[in-house]
Amino acid sequence: MAKNGGRGGAAARRSARERLAAERAAAERKRRRRRALTWTASGVAAAALVAGGVWAATSGGGSGKAKTTASGANGARDAAAAATGLPPWPRPDDTADRARTEGLAVAAMEGTAQHFHTHLDILVDGKAVTVPANLGIAASGDAMSELHTHDTTGVLHIEAPTTGKQYTLGQLFTEWNVRLSATGLGGLNADGTRTLTAYVDGKKQTGDPAAVELTPHREIALVYGPANAAVKAPSRYAFPDGE
């Protein structure tokens, strides 16, 4: 009898341990389900927020549209500021695209039918303004206008695929996204007290400076400053041999 009782007691203890293990396993499964539900709810909430943000940005009457519109307006103001701001003027990323609007050829390689150089100086209140490198050259480097710059020396390169075409200073300033006209340069206005004058090989020009033609080894100077101020504009540029 004692031996049978021992086996019965052992069986009871095993049964108790099994029940305890089963209860713990059930509790662990329940805990995991709760965690999964929590993560799912969080994901749904996040998705709702994202969806709400997209809706707000695209719906016709939400505040998101107002923000998008304001952002677009700011972008337009920034573009206008780039064209009519004060020097120095940076090179725009879309400079090659802007060349196309002037009818300039844009290709992967320089043209070989015509090749010459012009030089440009810009003086504002007696101080030189840098002409940026890579005007007319795409930011990616894989496209180039027939009118472009390579460095900040002020040398303008015309490397064209055809001959007989006329190039003007206004085309360069379109690539640069800087206003150039008889009434001003960028945000510098020509009025009764200050003037903008173009010089070619040291000789004063009249009319719209944007119409000044680019020709081989021509020295062009744009001078902005007080009216009637004494001006000694550069008359020549020492082009390197072969240029």
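Cut-offs applied
- The numbering scheme is per chain: residues are counted from 1 as the chain's sequence reads.
- Local features in this predicted model are restricted to residues of pLDDT 70 or higher, and side-chain atom pairs are both shown and tallied only at a pLDDT of 80 or more, whereas totals for entire chains, interfaces and linings draw on every residue.
- Note: side-chain values were computed over all heavy atoms of the structure, leaving out hydrogens and water.
- Stacked, edge-to-face and tilted are the three classes for Phe, Tyr and Trp ring pairs, Trp counted by its six-membered ring, which pair at centre distances within 6.5 Å; planes under 30 degrees apart are stacked, over 60 edge-to-face, the rest tilted.
- Helix numbers and strand numbers start at the N terminus; a helix is a DSSP run of H or I with at least 4 residues, a strand a run of E with at least 2.
- The classification of residues rests on relative accessible area computed with a 1.4 Å probe and restricted to protein chains. Under 20% of the type maximum is buried, over 50% is exposed, and intermediate values are partly exposed.
- Paired strands, as defined in this entry, are two strands with at least two bridges between them according to DSSP.
- Here a salt bridge means any side-chain nitrogen of Lys or Arg lying within 4 Å of a carboxyl oxygen belonging to Asp or Glu.
- Any two residues whose heavy atoms approach within 4.5 Å are treated as being in contact.
- Residue-level confidence of the predictor is what pLDDT reports, using numbers from 0 through 100.
- Here the nonpolar core consists of buried residues drawn from Ala, Val, Leu, Ile, Met, Phe, Trp, Tyr and Cys, with membership extended through side-chain atoms lying within 4.5 Å.
- Side-chain atoms alone can form a polar contact between residues adjacent in sequence; in general such a contact is a pair of N or O atoms within 3.5 Å, and within protein one must be able to donate a hydrogen while the other accepts it.

Some details on the packing of aromatic side chains
- The tally for this structure, following the rule as stated, stands at four aromatic pairs.
- An angle of 90° between the planes, with centres 5.8 Å apart, marks the rings of Trp89 and Trp176 as edge-to-face. In this pair, Trp89 is assigned in the loop between α2 (63–84) and α3 (95–101) and Trp176 in helix α4 (residues 169–176), connecting sequence segments 87 residues apart. Considered together, Trp89 and Trp176 belong to a single accessibility category, that of buried residues.
- The interplanar angle of 40° and the centroid separation of 5.2 Å between the aromatic rings of Phe173 and Trp176 together place this pair among those described as tilted. Remark: Trp176 and Phe173 occur in helix α4; sequence separation between them is three residues, near one turn of the helix. Like Phe173, the residue Trp176 is buried in the burial classification.
- Put simply, the rings of Trp89, Phe173 and Trp176 touch in pairs and so form one group of aromatic residues.

Some points on unusual backbone geometry
- The omega angle of the peptide bond from Pro87 to Pro88 is 5°, so this bond is cis rather than trans.
- Within the secondary structure, Pro88 is located in the loop between α2 and α3.
- Even without being glycine, Asn228 reaches a positive phi, approximately 65°.
- Tracing the backbone shows Asn228 in the segment after β12 (219–226).

What to know about the sheet that holds strand β7 (residues 180–181)
- Across the sheet, three strands lie side by side as β7-β8-β9; this open sheet has antiparallel pairing. Among the strands making up the open sheet, the edge pair consists of β7 and β9 (188–189).

What to know about the pattern of salt bridges
- Under the criterion given, the structure shown has four salt bridges.
- Here Arg91 makes a salt bridge to Asp93, at a shortest N to O gap of 3.9 Å.
- On the basis of relative accessible area, Arg91 is assigned to the partly exposed category, the value being 23%.

Digging into the environment of Ala160
- Mapped onto the fold, Ala160 is located in strand β6 (residues 155–160).
- For Ala160, a relative accessible area of 0% puts it in the buried group.
- Taking the C-alpha atoms as reference points, Ala160 and Met109, 51 residues apart in sequence, are found 9.9 Å from one another.
- Beyond its immediate stretch of four places on either side in the chain, Ala160 contacts Gly111, Thr112, Ala113, Gln114, Glu146 and Tyr167.

Examining α4
- With eight of its eight residues buried, α4 lies for the most part within the structure.
- Of all the positions in α4, only Leu169, Gly170, Gln171, Leu172, Phe173, Thr174, Glu175 and Trp176 are classed as buried.
- The positive-phi residue at the C-terminal boundary of α4 is Asn177, with phi of around 60°.

Describing the confidence of the model for the protein chain
- Within the protein chain, residue pLDDT values average 78, and 66% of them lie at 70 or more.
- The low-confidence segment residues 31–79, where pLDDT is below 50, has ten contacts with residues more than four positions distant or belonging to other chains.

Looking at the pairing of β6
- Most of β6 sits out of view: six of its six residues are buried.
- Here β6 shows a buried face lined by Val155, His157 and Glu159 and a second buried face lined by Leu156, Ile158 and Ala160.
- Judged from the two bridges that link them, strand β5 (residues 147–148) and β6 form a sheet pairing that is antiparallel. Following the sheet pairing, Leu147 is matched in β6 by Ile158.
- The antiparallel hairpin formed by β5 and β6 contains six residues in its connecting segment, where Gly154 sits at a positive phi of about 90°.

A closer look at the nonpolar core
- Counting residues in hydrophobic clusters, the biggest one holds 32 residues, and the most contacted among them are Leu120, Ile122, Leu169 and Phe173.
- Breaking this core down by element, the ones donating at least two residues are β2 (114–124), β6, α4, β10 (194–200) and β12.
- Each residue touching Leu120, except ones within four places of it in the same chain, is listed here: Val131, Gly154, Leu156, Leu169, Leu172, Phe173, Ile220 and Leu222.

Quick notes on the side chain of Thr197
- Within the secondary structure, Thr197 is located in strand β10.
- Residue Thr197 is classed as buried on the basis of its relative accessible area, which comes to 12%.

Describing the side chain of His148
- For His148, the location among the structural elements is in strand β5.
- Engagement of the side chain of His148 in a polar contact is seen with the side chain of Glu159, the distance being 2.8 Å.
- The contact partners of His148, leaving out residues within four places of it in the chain, are Glu110, Leu135, Gly136, Ile137, Val155, Leu156, His157, Glu159 and Glu175.

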